[in-house]
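Each chain, written out:
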Amino acid sequence: ARKIIIDTDPGQDDAVAILLALASPEDVEVLGVTAVAGNVPLALTERNARIVCELAGKPDTLVFAGCDAPLSRPLVTAEHVHGKTGLDGPPLEEPRMALQGAHAVDFIVETLRRETPGSVTLCPLGPLTNIATALQRAPELADRIAEIVLMGGAYFEVGNITPAAEFNIYVDPEAADIVMKSGIPVTMMPLDVTHRALTTADRVEAFRGMGTRVGEMVAAWTDFFERFDKEKYGSAGAPLHDPTVIAYLIEPEIFSGRHINVEIETGSELTLGMTVADYWRVTDRPANVQFMRDLDADRFFSLLTDRIGRL
Ligand code: BDR
Ligand code: CA
């Protein structure tokens, strides 16, 4: 199994991603879950991460709290999408499992120093603040990271927080810029892909029909999460953005894309956080990102229901 660290700001779709990973020990070994401020403030994202690990029946999972604000900007949150708690939908119980004492960034740095170089994959599902802070503190870690597979960015489907930018990149564009320039192999799941990973009535029913508490919770979360995209974009259902990252680690052949150059806009107020993707290779800037464009949605959802049905 591939060793991973999940860096996250749960978020209903983050929750489904964490469940998919914890349900798939033959494919991924979750070394830790590191929370970052994003969809909601840090106090809620670290709590939500623990709620999800407990729900999965894995209260021994190491959960750490990380950065509570972007590198150099005030935090922008997304309660309009995820609700006040970040995990609105079903009733939630306070988690009993403990938060680890160490800071998430220290955990990331120490884990990468300890593990065999090239054996750990980072899976960011929120703003890239924790990851960039780790790279700033210990730049030599770049050589030890196998790969970064992240949800963020957009090119053809630009803009869910501004007309030009996707939320995770917009919230901390300076952090995203550090990651894109790090030389680490990056695989990116932009809105172009995640807007094709849409729930439908049947797909939500498949979760509910599992007859488990996890299935019930996932169905209630997707029901809540659907409202924003249905109203805003007239989508058929909710895009399950973040689970695409974990699905890629398990079944990469579900996805297709191009290895291209992607730069992050950090200057312009109008297009702040835009992922300027040289999809048509009109510059000679070096390729730094495997930029995904499409997925097989049926296979994606059957993977999700198979695995989450185990919990
Ligand atoms: C991303 O932003 C968050 O709201 C979601 O959890 C996802 O990571 C989509 O733009
Ligand atoms: Ca997220």
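Further up the page is the structure itself.
Scope of this entry: the structure provided in the associated data block. (Residues numbered from 1 in each chain as written. Chains lettered and ligands numbered in written order. Predicted model: local features only at pLDDT ≥ 70, side-chain atom pairs only at ≥ 80, totals over all residues. Heavy atoms only, no water.)

With respect to the state of the cysteines
Phase 1: For the structure shown, the criterion picks out zero disulfides.
Phase 2: Unpaired in terms of disulfides, Cys 53 finds its nearest cysteine sulfur in Cys 123, a separation of 14 Å.
Phase 3: Assessed through its relative accessible area of 0%, Cys 53 is described here as buried. (Disulfide = S-S within 2.5 Å. Buried < 20%, exposed > 50% of the residue type's maximum accessible area, 1.4 Å probe, protein only.)

Focus: the pairing of strand β6 (residues 186–189)
Phase 1: Burial along β6 is two-sided: Val 186 and Met 188 facing one way and Thr 187 and Met 189 facing the other are all buried.
Phase 2: In the sheet, strand β5 (residues 145–151) pairs with β6 via four bridges, with the strands oriented parallel. In the sheet register, Met 151 faces β6, and the bridge partner there is Met 189.
Phase 3: Where β6 and strand β10 (residues 289–295) come together, three bridges link them in parallel fashion. (Helix = DSSP H or I, 4+ residues; strand = E, 2+ residues; numbered from the N terminus. Pairing = 2+ DSSP bridges.)

Here's the deal with helix α12 (residues 297–308)
Phase 1: Between its first and last C-alpha, α12 extends 16 Å over twelve residues, near the 16 Å set by a 1.5 Å rise per residue.
Phase 2: Looking at α12, one finds that the buried residues are Ala 297, Phe 300, Phe 301, Leu 303, Leu 304, Thr 305, Arg 307 and Ile 308.
Phase 3: On its buried face, α12 is in contact with α1 (12–22), α9 (201–208), α10 (213–233), α11 (243–250) and β10.
Phase 4: Two or three places before Asp 298, at the start of α12, stands the capping residue Asp 296, its side-chain oxygen 3.3 Å from that residue's backbone nitrogen. (Expected span 1.5 Å × (residues − 1). Contact = heavy atoms within 4.5 Å. Polar contact = N/O pair within 3.5 Å; in protein donor to acceptor, adjacent residues only side chain to side chain.)

Description of a nonpolar patch on the surface
Phase 1: On the surface, a nonpolar cluster with roughly 350 Å² of combined accessible area is contributed by Phe 156, Trp 280 and Val 282.
Phase 2: With respect to the element layout, Val 282 can be found in the loop between β9 (275–277) and β10. (Patch = residues over 30% accessible without salt bridge, like charges linked within 9 Å, V, L, I, M, F, W, Y side chains within 5 Å. Areas by Shrake-Rupley, 256 points an atom, 1.4 Å probe, with all protein chains shown as cover. Salt bridge = Lys/Arg side-chain N within 4 Å of Asp/Glu carboxyl O.)

What about the side chain of Asn 261?
Phase 1: Secondary-structure assignment places Asn 261 in the loop between β7 (255–260) and β8 (262–264).
Phase 2: At 2.8 Å, the side chain of Asn 261 forms a polar contact with the backbone oxygen of Pro 286.
Phase 3: Aside from chain neighbours lying at most four places away, what touches Asn 261 is Val 276, Ala 277, Asp 278, Arg 285, Pro 286, Ala 287 and Asn 288.

Considering the packing of α1 against α11
In helix packing, the relevant descriptors are the interaxial angle and the interaxial distance, both defined with respect to the helix axes.
Phase 1: α11 packs onto α1 with a crossing angle of 25 degrees between their chain directions and a minimal axis gap of 7 Å. Between α1 and α11, the interaxial angle falls into the category roughly parallel. Residue-level contacts link Asp 13, Val 16, Ala 17, Leu 20 and Ala 21 of α1 to Pro 243, Ile 246, Ala 247 and Ile 250 of α11.
Phase 2: Residues of the contact of α1 with α11, tallied by class, amount to eight nonpolar, no polar and one charged. (Axes fitted to C-alpha atoms, helices over the stretch in contact; angles between N-to-C directions. Parallel < 35°, antiparallel > 145°, perpendicular 65-115°, else oblique. Nonpolar A, V, L, I, M, F, W, Y, C, P; charged D, E, K, R; others polar.)

What to know about the nonpolar core
Phase 1: One finds Ile 4, Ile 6, Leu 19, Ile 246, Phe 255, Phe 300 and Leu 304 to be the most contacted residues of the largest nonpolar core, which totals 60 residues.
Phase 2: Considering each element in turn, this core owes the most residues, eight residues, to α1.
Phase 3: Residues Val 120, Val 179, Met 180 and Tyr 279 belong to the second largest nonpolar core, which totals 38 residues. (Core = buried A, V, L, I, M, F, W, Y, C linked by side-chain atoms within 4.5 Å.)

Quick word on the site of ligand 1
Phase 1: In the vicinity of ligand 1, the contacting residues are Asp 13, Asp 14, Asn 39, His 82, Leu 125, Met 151, Asn 160, Glu 166, Phe 167, Asn 168, His 241 and Asp 242.
Phase 2: Between Asn 39 and ligand 1, the recorded distance is 2.7 Å, taken from a side-chain N or O atom to an oxygen atom.
Phase 3: Interatomic distance of 2.7 Å between a side-chain N/O atom of His 82 and an oxygen atom of ligand 1.
Phase 4: Protein chains shield 96% of the accessible area of ligand 1, which is 280 Å² for the free molecule.
Phase 5: Listed by contribution, the elements that provide at least two residues to the shell around ligand 1 are α1 and α6 (167–171).
Phase 6: When grouped by side-chain class, the residues that make up the shell around ligand 1 number three nonpolar, five polar and four charged. (Near = heavy atom within 4 Å.)

Digging into the pattern of salt bridges
Phase 1: This model, assessed by the stated rule, comprises 20 salt bridges.
Phase 2: Across the salt bridge formed by Glu 226 and Lys 230, the nearest N and O atoms sit 2.8 Å from each other. Of this pair, Glu 226 and Lys 230 both sit in helix α10, four residues apart, roughly one helical turn.
Phase 3: Classification of Glu 226 by relative accessible area gives buried; the value is 9%.
Phase 4: Shared partners join several salt bridges into a network, and the residues in it are Glu 26, Asp 27, Arg 307 and Arg 310.

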